[in-house]
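Residues per chain are reported as follows:
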Amino acid sequence: MSCENCHCGCQHTDESRPMVIPGKDVIQVCESRTCGPRYSRAIMAELEKHFGLAANSENEKARLEFRGCLGYCSQANNIAVNGNVLSNVLPAEAVARVDSARLLPPSDGTAPEIQKEISRILEEDFLA
Ligand code: FES
């Protein structure tokens, strides 16, 4: 995933950072060029309170960190929860959305709306 997909121009990607760690929730708050100036810090503050963790730290159950671009800049603010990308996140709803996403199976970082489109295309091709 990189900014080449969304043309924000930040060229920031963190592909080497693990989005999934078995047995631990990985919550990554994008702080790159588009998300950063908006609500990244306010969202992180809400999550720090909720998890009792500081940014860029972890305990036995969760890892909470800032990261670079998730590739969905036009839908800032973005958070990845075990690889599931949440878009258009506001600070007041961040904790509820993250807790809901923790119940989902891990993902590869593809946003849900992209996953739906891929499924639709595959279904059409299969039925054709
Ligand atoms: S800046 Fe690109 S997803 Fe946040």
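Cut-offs and rules
Residues numbered from 1 in each chain as written. Predicted model: local features only at pLDDT ≥ 70, side-chain atom pairs only at ≥ 80, totals over all residues. Pairing = 2+ DSSP bridges. Helix = DSSP H or I, 4+ residues; strand = E, 2+ residues; numbered from the N terminus. Contact = placed C-beta atoms within 7 Å. Axes fitted to C-alpha atoms, helices over the stretch in contact; angles between N-to-C directions. Buried ≥ 20, exposed ≤ 12 C-beta atoms within 10 Å, placed from the backbone. Arc of directions from axis to C-beta. Core = buried A, V, L, I, M, F, W, Y, C linked by C-beta atoms within 7 Å.

A. Expanded view of the sheet that holds strand β3 (residues 62-67). Ordered by their spatial adjacency, five strands build an open sheet running β2-β3-β1-β4-β5, and the pairing between neighbours is mixed. With one partner strand each, in any of the chains shown, β2 (57-58) and β5 (84-86) form the two edges of the open sheet. The strands that helix α2 (residues 91-101) touches are β1 (25-30), β4 (79-81) and β5; relative to β4, the one it contacts most, it runs at about 35°.

B. α2, seen in detail. All buried positions along α2 are accounted for by Ala94, Val98 and Ala101. Projected down its long axis, α2 shows its buried positions confined to an angular sector of 65°, all on one face. The exposed residues of α2 that point more than 90 degrees off its buried face are Ala92, Ala96, Asp99 and Ser100. Buried residues along α2 sit in contact with β1, α1 (40-51), β4 and β5.

C. Geometry of the environment of Asn77. Mapped onto the elements, Asn77 comes out in the loop between β3 and β4. Sequence separation of Asn77 and Thr34 is 43 residues, and the distance between their C-alpha atoms is 7.8 Å. Each residue touching Asn77, except ones within four places of it in the same chain, is listed here: Cys30, Cys35, Arg38, Tyr39, Ser40, Ile43 and Val89.

D. Quick look at the nonpolar core. Membership of the largest hydrophobic core comes to 26 residues, with the highest contact counts inside it found for Ile27, Ile43, Leu47, Ile79, Val81 and Val98. For this core, the elements supplying multiple residues, two or more each, are β1, α1, β3, β4, β5 and α2. Considering each element in turn, this core owes the most residues, four residues, to β1.

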